[in-house]
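# Analysis of the macromolecular model
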Amino acid sequence: MYVMTIDQRGSTTDVDRVPGFLSALRPLTAARFERSVGDEVQGVLEHPGDVVAIALHALRSGRWYVGIGVGEVHRPLPASPREGSGAAFVAARAAVDRAKAAAAHVPLAVACESPRDGGAEACANAEAVLRLIGRLVQDRTAAQWKVVDALRSAQDGHAGTHGTQKIAAGILGITEQSVSRALLRSGWQEECAARPAAEMLLSFAHGLSAGIENAARDTPRQVPDRTTAGNP
């Protein structure tokens, strides 16, 4: 299992962003997230793909510290994440504290509690890849995000990837060439190519830290190949 502890940055001088953040997470995962304490939210997840999607969504705004704990969660799972316990909860707390120390860079960390058989190294590898993707996400301009969001919208309503740049251009009222240039500068294709690697590394880390018998359950779900996303 994976526990995510996500804390608002600069909460003492900012408005409470937790309600809006929780609403934004609902389309991304079926897992339950809720406020744990103060301006912090927490959730328990089974699928590494959901973890990657939520982590990158949180990093996009630059307003959150992201901690990912990998390992065992005591069962049966409680109705509320706040009532949960297990190694992954301890690891998530350590991870978000370390993410705060990395705030000048990409404020995300991955941790395994009581790692064995290389679990700590696997978590470090997952963290490294997520931080690299997170840098792409953080550095995107508002104009580039408009193009990326339009392309995502086009892909959601269109079978395959052929012609989606043209659809995105129509949504935005710009040329296909402008869409192509914005996507190139945004690192969108690199993000799409690297997401499955981050999922695989999280799954591998879980298998090592929580026991090999759980590795099969955590195998990442198949995701569409978007390395050529939106090619006309």
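Above this text you will find the structure in question.
Below or above, wherever it landed, is the structure these notes cover.

Rules of the game
Residues numbered from 1 in each chain as written. Predicted model: local features only at pLDDT ≥ 70, side-chain atom pairs only at ≥ 80, totals over all residues. Heavy atoms only, no water. Buried < 20%, exposed > 50% of the residue type's maximum accessible area, 1.4 Å probe, protein only. Helix = DSSP H or I, 4+ residues; strand = E, 2+ residues; numbered from the N terminus. Pairing = 2+ DSSP bridges. Polar contact = N/O pair within 3.5 Å; in protein donor to acceptor, adjacent residues only side chain to side chain. Contact = heavy atoms within 4.5 Å. Axes fitted to C-alpha atoms, helices over the stretch in contact; angles between N-to-C directions. Parallel < 35°, antiparallel > 145°, perpendicular 65-115°, else oblique. Nonpolar A, V, L, I, M, F, W, Y, C, P; charged D, E, K, R; others polar.

## Some words on the pairing of strand E3 (residues 40-45)
- With 6 of its 6 residues buried, E3 lies for the most part within the structure.
- The alternating pattern of E3 places Glu40, Gln42 and Val44 on one face and Val41, Gly43 and Leu45 on the opposite face, and all of these are buried.
- Here strand E2 (residues 33-37) pairs with E3 via 4 bridges, running antiparallel. Within E3, the residue paired with Arg35 across the bridge is Val41.
- Linking E2 to E3, which pair antiparallel, is a turn of 2 residues; within it Gly38 sits at a positive phi near 55°.

## Section: the side chain of Gln42
- Among the secondary structure elements, Gln42 is positioned in strand E3.
- For Gln42, the side chain forms a polar contact with the side chain of Thr5, separated by 2.9 Å.
- Discounting chain neighbours no more than four positions away, the residues touching Gln42 are Val3, Met4, Thr5, Arg32, Phe33, Glu34, Ser36, Pro81, Arg82 and Phe89.

## A short note on the side chain of Asp39
- Residue position: Asp39 is located in the loop between E2 and E3.
- Only 3.3 Å separates the side chain of Asp39 from the side chain of Ser11, close enough to count as a polar contact.
- When near neighbours in sequence (up to four residues on either side) are disregarded, Asp39 contacts Ile6, Asp7, Gln8, Ser11, Asp16, Val18 and Trp64.

## Observations concerning the packing of helix H6 (residues 164-172) against helix H7 (residues 176-186)
- Contact geometry for H6 and H7: axes closest at 8 Å, N-to-C directions at 105°. In terms of axis orientation, H6 runs roughly perpendicular to H7. The segment H6 lies against H7, with Gln165, Lys166, Ala168 and Ala169 engaging Glu176, Val179, Ser180 and Leu183.
- Considering only residue class, the contact of H6 with H7 consists of 4 nonpolar, 2 polar and 2 charged.

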